[in-house]
Amino acid sequence: MKHRLATVDETQAFGVRLAGLLRAGDLLLLTGPLGAGKTALVQGIGAGLKVLGAITSPTFVIARVHRPDPARGGEVPLVHADAYRLGDAADPRAEIDDLDLDAAAEDAVTVVEWGAGLVEQLNDEHLAVHIDRLDDDTRVIDLVPHGGDWAARLDKLCNPEIK
């Protein structure tokens, strides 16, 4: 499922809509070139999940946990990780294991930038999200479901009249 988004604001708004489909235990793997809009999408997801704190790139801290804001109706934490800097490690999977992402995997929505090939073992089912940024700054987001009920949930994203 491909979606074309013309601006960063549209990318964030799409993230809010995507968040409406998410639940505790979900794993999203984001790929795409630097500057494609991965963090902007996660900002929208965080807004949709109604979590506390600003969503910024976790490139240098590797992972952040954003607690839900019950005052705004938030219920599910967001774990936002960035495996970009781990790609140069001798054993990046060991470094991923050291992050203990699996400790929160059942209770949170986990979004990992640059995580393809590294974190799929956290969940038998996941959503792969590939973002490309075109020369005119349009973003093309391709959602690829892997297992579970992702395909049915994504139908709801494209066809809001489906319940």
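Presented here is a report on the structure given in the accompanying data block. Quick caveat: nothing in here was measured; it's all calculated off a predicted structure.

Secondary-structure assignment places Gly25 in the loop between helix 1 (8-19) and strand 2 (27-31). A C-alpha to C-alpha distance of 9.6 Å links Gly25 and Glu125, two positions 100 residues apart in sequence.

Let us now look at helix 2 (residues 38-49). Residues separated by three or four positions in an α-helix point in the same direction, a consequence of the helix having 3.6 residues per turn. Between its first and last C-alpha, helix 2 extends 17 Å over 12 residues, near the 16 Å set by a 1.5 Å rise per residue. Taken residue by residue, helix 2 has Lys38, Thr39, Ala40, Leu41, Val42, Gly44, Ile45, Gly46 and Leu49 as its buried positions. Looking at the buried side of helix 2, the elements it contacts are helix 1, strand 2, strand 4 (78-82), strand 5 (109-113), strand 6 (126-133) and strand 7 (139-146). Trailing helix 2 by a residue or two, Lys50 shows a phi angle of about 60°, which is positive.

The next thing to look at is the pattern of salt bridges. Two side chains bearing opposite charge may form a pair once their charged atoms approach each other closely. In total, this model carries five salt bridges according to the counting rule given. With a closest N to O distance of 2.7 Å, Arg23 and Asp149 form a salt bridge. Of the two residues, Arg23 sits in the loop between helix 1 and strand 2 while Asp149 sits in the loop between strand 7 and helix 5 (150-158), which places them 126 residues apart along the sequence. Under the relative-accessibility criterion, Arg23 is labelled partly exposed at 38%. Residues Asp137 and Arg133 are paired through a salt bridge, measuring 2.9 Å at the closest nitrogen-oxygen approach. Here the salt bridges do not stand alone but share partners, grouping Arg23, Asp26, Asp149 and Arg153 into one network.

Criteria and cut-off values
Residues numbered from 1 in each chain as written. Predicted model: local features only at pLDDT ≥ 70, side-chain atom pairs only at ≥ 80, totals over all residues. Heavy atoms only, no water. Helix = DSSP H or I, 4+ residues; strand = E, 2+ residues; numbered from the N terminus. Expected span 1.5 Å × (residues − 1). Buried < 20%, exposed > 50% of the residue type's maximum accessible area, 1.4 Å probe, protein only. Contact = heavy atoms within 4.5 Å. Salt bridge = Lys/Arg side-chain N within 4 Å of Asp/Glu carboxyl O.

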